[in-house]
Amino acid sequence: MEPESVRRKLAAVLSADVVSYSRLIGEDEAGTLTTWTNHRREFIDPRIADHGGRIVSAAGDSLLVEFDSAVRAVECSIVIQKGMAVRNQTLSEHNKMLLRIGIDLGDVIVQSDGLVGDGVNIAARLRQTSEVGGICISKAVHDQIRKTLKIGIDYAGEKSVKNIADPIAVYHINPTVRRGSKPRRGLLGGPKRRAVAALSLLMLVLAIVATGYSLWRANSGWSGNRARVGPNQIVTDRPTVAVLPFVNINDDPDQQYFTDRITDDLIAELSKVSGLFVVDRNAVLAYRDRNIGAHRIAEELGARYLVEGRVHRAGRKVRVNVRLVDTTTGSHLWSARYDRTSADILPLQDDILARVISALPVQPTAGEQVQVSTPPIGNREAYDLYLEAEQAMLGLSIENLEIAYTKLERALDLEPRFAEAYASLALVYALDYRLRFLVRRPRESRSQVAALATKALELNANLAKPYLALANLHLAGRRHEEALQSTEKALQLEAGNPDAHATHATVLGFAGRHDEALAAIETAFRLNPQPPATYNLILGRIQFGMRNYSNAIENLRRAGAGTADSTLEKFWLAPSYAFLGRMPEAEAEVAAILSLLPDESLSHLQWIHNEYRLNRDINHWLQGLERAGMPHFARDFSSADKRRLLGAEIRELIFDATEVGQLPSGEHRYRVRRTTEGAATFSTFWGSDSGKSWIEGDRLCSQFPNMNIGRKTCDDIYYEPEDQGVSIGDYLAVGPTGVRRFGMAE
């Protein structure tokens, strides 16, 4: 019989240690101790606290941590291993600190100086079984997380370990792989509500990213020598060639990415030849489904030479028909038919490229010949995954973000030096963070953008896309000067890329530099004679900011006409009509917005659009929307019959207490613990975040570094007793993120 004083409980136990720590200590005791201490203080210990863990013991290089949830223990381990991989990049191979982690869920005995029991012993044995940089879990942990966490888990069989009577089932987690994942529900709520809210946020990101198709395509970072000649474009005496989108004659539309791959590669490789001007792929994309003659295409694009092709893929067999046309004479300078297998696609492309160049009046330099003959990546499977990810991101959604994450991470597993994949993954993380989709956790997304962009540039310093990802990250934090530095660097790398100019125009617009923004978007139009609808949206928004409402309306309507699901332009059409006194049209635009986004409000728009650097710009926009009839708060809230709390009452209620409530989406609970001084810890289904709260007038304000992109959020607090159903609490917090009901924990 155990003494009654013995306290047992079920806990998730994490055991970790540093590989080869004794060797490191022997070689440099002081340096090793300092490095390990810094890792713990700056990174590891805060991550454990973020996930609700309690460090039980930390002797030397080992850690024993207790969690109340197996899910949190595994999530914390993945964050730590990924973060340590990034931190180790700055160390030599000999000095890297690599961790092994083991996790068990089992019975433990709580003692004054720690924990003992099988749970602790098994976690330690699993740690010893773990791969370097890996995570090893028991069956008990596996059964808890397998339906909750969509991550890679490999069964390694049963193993007999020291001091454990029965063999234990061992599972290995690869923290860089996500398998079979489905979109997690974020703060935006369930599928329907989330889709509606995402459309509102999509307005913001499209204005920031300012790109059409090519933002997500491979060649946006590879070409440095593209231009066009036409009525509104730069004139050049160099041979100008356009590679038209190769025609996919398969019945399977999923094969389109394979056809696009051939087109994109030819554009990218031809762009390396300094003696040519190559039409940007964003311009030629407009001709994919247009059945018009080569002469007219040449006139519209300002190109003398056209490359055309057709691709048929059946299983592993590929047939490609291709020709080079001189549009001034209509003659075929060269044509060929290729019958190959998928495995031979890169040599096939090399042959097409060599023959096109030899048929054109241009001679590559010796250095260019080496560049042209070197494909962007040698691993065909990795390249296919990369292109599939780019194809998925043509339709921005939570589901497509998840697809892009999975395929890009698999591509990098196959080809760890794939610079373009790192750049694209950085951009996906940036958009995930900015849009608040929460496919990945905000803290992870924010750190990964910088790490992946840096890695991409280390592998290829000529890529522009990493700077676009960084510009998104900087704008999310209202760091306008840094965002401008990023877009300016992208322009240095790709001065002829219209999307880089459009992105630059957007950043300038948010910075309040409207004249420069107008010049930048006009350059984008000159460089792309067939621009995406987003260019008109950007131009219309800039013209609105310059008080040129009539022209703004004209371009915003063009943006709507060029978009299948026209919504974004209405947010600027409504105030443009209102300032011109055309109230029926202004009110109709607001009604259309609210029919799709019933919870939209001025308070929410003011909050999500604080990327504006100048108050006069955001106030000008909001005043126009107010005139057009946009409500101040979500229309399902009324302050009638509710008592608003004063600042002193809020302080007495909220501080040195724990708030427990329901998120505005109505699907998830949350908890906020605040100290008397205002230090706050927010916890919900996706994890926790530490920040601060304070009273500002008669409002409760909070700021967390990861939640809500680190933005200050202020709420009015109302007292309204809840008298129906299961009680959540008697208070309402009303602010830019919506209305949430809460109570105070005992």
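Residues numbered from 1 in each chain as written. Predicted model: local features only at pLDDT ≥ 70, side-chain atom pairs only at ≥ 80, totals over all residues. Heavy atoms only, no water.

(A) View of the overall build of the protein. Within the protein, the regular secondary structure consists of 26 helices and 23 strands. Burial statistics for the protein: of 746 residues in total, 57% are counted as buried. Within the protein, residue pairs in contact and separated by at least 24 positions form 63% of the contacts whose partners lie at least 6 positions apart. Of the roughly 31100 Å² of accessible surface on the protein, a fraction of 48% belongs to carbon and sulfur atoms. (Helix = DSSP H or I, 4+ residues; strand = E, 2+ residues; numbered from the N terminus. Buried < 20%, exposed > 50% of the residue type's maximum accessible area, 1.4 Å probe, protein only. Contact = heavy atoms within 4.5 Å. Areas by Shrake-Rupley, 256 points an atom, 1.4 Å probe, with all protein chains shown as cover.)

(B) Seen up close, the environment of A511. In this fold, A511 is placed in the loop between α18 (498-510) and α19 (514-527). The spacing of A511 and L475 is 36 residues in sequence and 9.7 Å in space, taken between C-alpha atoms.

(C) Representation of helix α25 (residues 615-628) in the model. If you check α25, its first and last C-alpha atoms are 20 Å apart, about what 14 residues at 1.5 Å a residue would give, namely 20 Å. Taken as a whole, α25 has its buried residues at D617, I618, H620, W621, L622, G624, L625 and A628. In the segment just after α25, G629 is the residue with positive phi, at about 110°. (Expected span 1.5 Å × (residues − 1).)

(D) A look at the pattern of salt bridges. This model, assessed by the stated rule, comprises 32 salt bridges. Across the pair K9 and E66 runs a salt bridge, and its minimum N-O distance is 2.1 Å. With K9 in strand β1 (residues 7-18) and E66 in strand β3 (residues 63-67), this pair connects stretches of sequence that are 57 residues apart. According to the relative accessible area criterion, K9 is partly exposed, its value standing at 28%. Here K570 ties to E589 by a salt bridge, and the two come within 3.3 Å at their closest N and O atoms. Of this pair, K570 sits in helix α22 (residues 570-579) while E589 sits in helix α23 (residues 583-596), placing them 19 residues apart in sequence. (Salt bridge = Lys/Arg side-chain N within 4 Å of Asp/Glu carboxyl O.)

(E) Representation of the packing of α22 against α23 within the structure. Orientation of α22 relative to α23, taken along the N-to-C sense of each, is 155°, at an axis distance of 7 Å. Between α22 and α23, the angle falls in the class roughly antiparallel. Relative to α23, α22 is oriented so that their crossing is left-handed. Contact with α22, carried on its side by K570, F571, L573, A574, Y577 and A578, involves M583, E585, A586, E589, V590, A592 and I593 of α23 and no other residues of that element. Across the contact of α22 with α23, the residue classes tally to ten nonpolar, no polar and three charged. (Axes fitted to C-alpha atoms, helices over the stretch in contact; angles between N-to-C directions. Parallel < 35°, antiparallel > 145°, perpendicular 65-115°, else oblique. Left-handed = near helix turned anticlockwise from the far one by under 90°. Nonpolar A, V, L, I, M, F, W, Y, C, P; charged D, E, K, R; others polar.)

(F) Representation of the state of the cysteines within the structure. This structure, assessed with the given rule, holds one disulfide. The disulfide partner of C701 is C714, and the gap between their sulfur atoms is 1.9 Å. Classification of the bridge connecting C701 and C714 rests on its S-S torsion, roughly 110°, and on that basis the disulfide is right-handed. Residue C701 is found in strand β20 (residues 699-703), and its partner C714 is found in strand β21 (residues 713-719); the two are separated by 13 residues along the sequence. As far as burial versus exposure is concerned, C701 and C714 are alike and both buried. (Disulfide = S-S within 2.5 Å.)

(G) Spatial organisation of the confidence of the model for the protein. When pLDDT is averaged along the protein, the result is 79; 81% of the residues meet or exceed 70. Taking the mean pLDDT of every element in the protein, the minimum, 38, falls on helix α6 (residues 191-209) and the maximum, 95, on α22. The low-confidence segment residues 176-236, where pLDDT is below 50, has 232 contacts with residues more than four positions distant or belonging to other chains. (pLDDT = per-residue confidence, 0-100.)

(H) Representation of the packing of aromatic side chains within the structure. Within the structure shown, the criterion is met by 14 aromatic pairs. One aromatic cluster is present, built from ring pairs that chain together Y383, Y386 and F418. The aromatic ring of F655 is capped on one face by R651, whose charged end is 5.2 Å from the ring centroid. (Phe/Tyr/Trp six-rings, centres within 6.5 Å; stacked < 30°, edge-to-face > 60°. Lys NZ or Arg CZ within 6 Å of the ring centre and 35° of its normal.)

(I) Spotlight on unusual backbone geometry. One non-glycine residue, S20, lies in positive phi territory at about 60°. Note on placement: S20 falls in the loop between β1 and α1 (21-27). In the Ramachandran plot, R547 falls in the positive-phi region, its phi being about 70° despite a non-glycine side chain. Looking at the secondary structure, you find R547 in the loop between α20 (533-545) and α21 (549-561). A relative accessible area of 40% means that R547 is categorised as partly exposed.

(J) View of the packing of helix α2 (residues 29-50) against helix α3 (residues 70-87). In the contact formed by α2 and α3, the axes pass within 9 Å of each other and the chain directions differ by 155°. Overall, the two elements α2 and α3 adopt an arrangement that is roughly antiparallel. For the pair α2 and α3, the sense of crossing is right-handed. Contact with α2, carried on its side by N38, H39, E42, F43, I44, R47 and I48, involves C76, V79, I80, G83, M84 and R87 of α3 and no other residues of that element. When its residues are assigned to classes, the contact of α2 with α3 shows seven nonpolar, three polar and three charged.

(K) Just the side chain of H39, in detail. With respect to the helices, strands and loops of the structure, H39 is situated in helix α2. Residue class for H39 comes out buried when judged on its relative accessible area of 5%.

(L) Quick look at the pairing of strand β23 (residues 738-744). As judged from the three bridges shared by strand β16 (residues 657-662) and β23, these two strands associate in the antiparallel manner. Within the sheet, the bridge partner assigned to E659 lies in β23 and is M744. One ladder, built from five bridges, connects strand β22 (residues 731-735) with β23; its direction is antiparallel. Bridged to Y731 within β23 is F742. Here β22 folds back onto β23, and the loop between the two strands holds two residues. (Pairing = 2+ DSSP bridges.)

(M) Structural context of the nonpolar core. Core analysis: the biggest nonpolar cluster contains 82 residues, and F246, L270, L301, V320 and I352 have the highest contact counts within it. Here the element with the most residues in this core is helix α14 (residues 419-435); it accounts for eleven residues. Look past the residues within four positions of V320 in its chain and what remains in contact with it is F246, I262, R310, V311, A336, R337, Y338, L348 and I352. Membership of the second largest hydrophobic core comes to 46 residues, among which are F510, F544, A559 and A628. (Core = buried A, V, L, I, M, F, W, Y, C linked by side-chain atoms within 4.5 Å.)

(N) Spatial organisation of the environment of V739. By the secondary structure assignment, V739 is in strand β23. Each C-alpha atom of the pair V739 and D716 lies 9.7 Å from the other, and the pair is 23 residues apart in sequence. Dropping the residues within four chain positions of it, V739 is found in contact with F637, P664, L732, A733 and V734.

(O) A look at the pairing of strand β9 (residues 240-243). The alternating pattern of β9 places T240 and A242 and V241 and V243 on opposite faces, both of which are buried. Two strands pair when backbone bridges link them, and β9 and strand β11 (residues 277-278) are joined in this way by two bridges, in the parallel orientation. Bridging across to β11, T240 finds its partner in F277. Note: β9 against strand β12 (residues 305-314), three bridges, orientation parallel.

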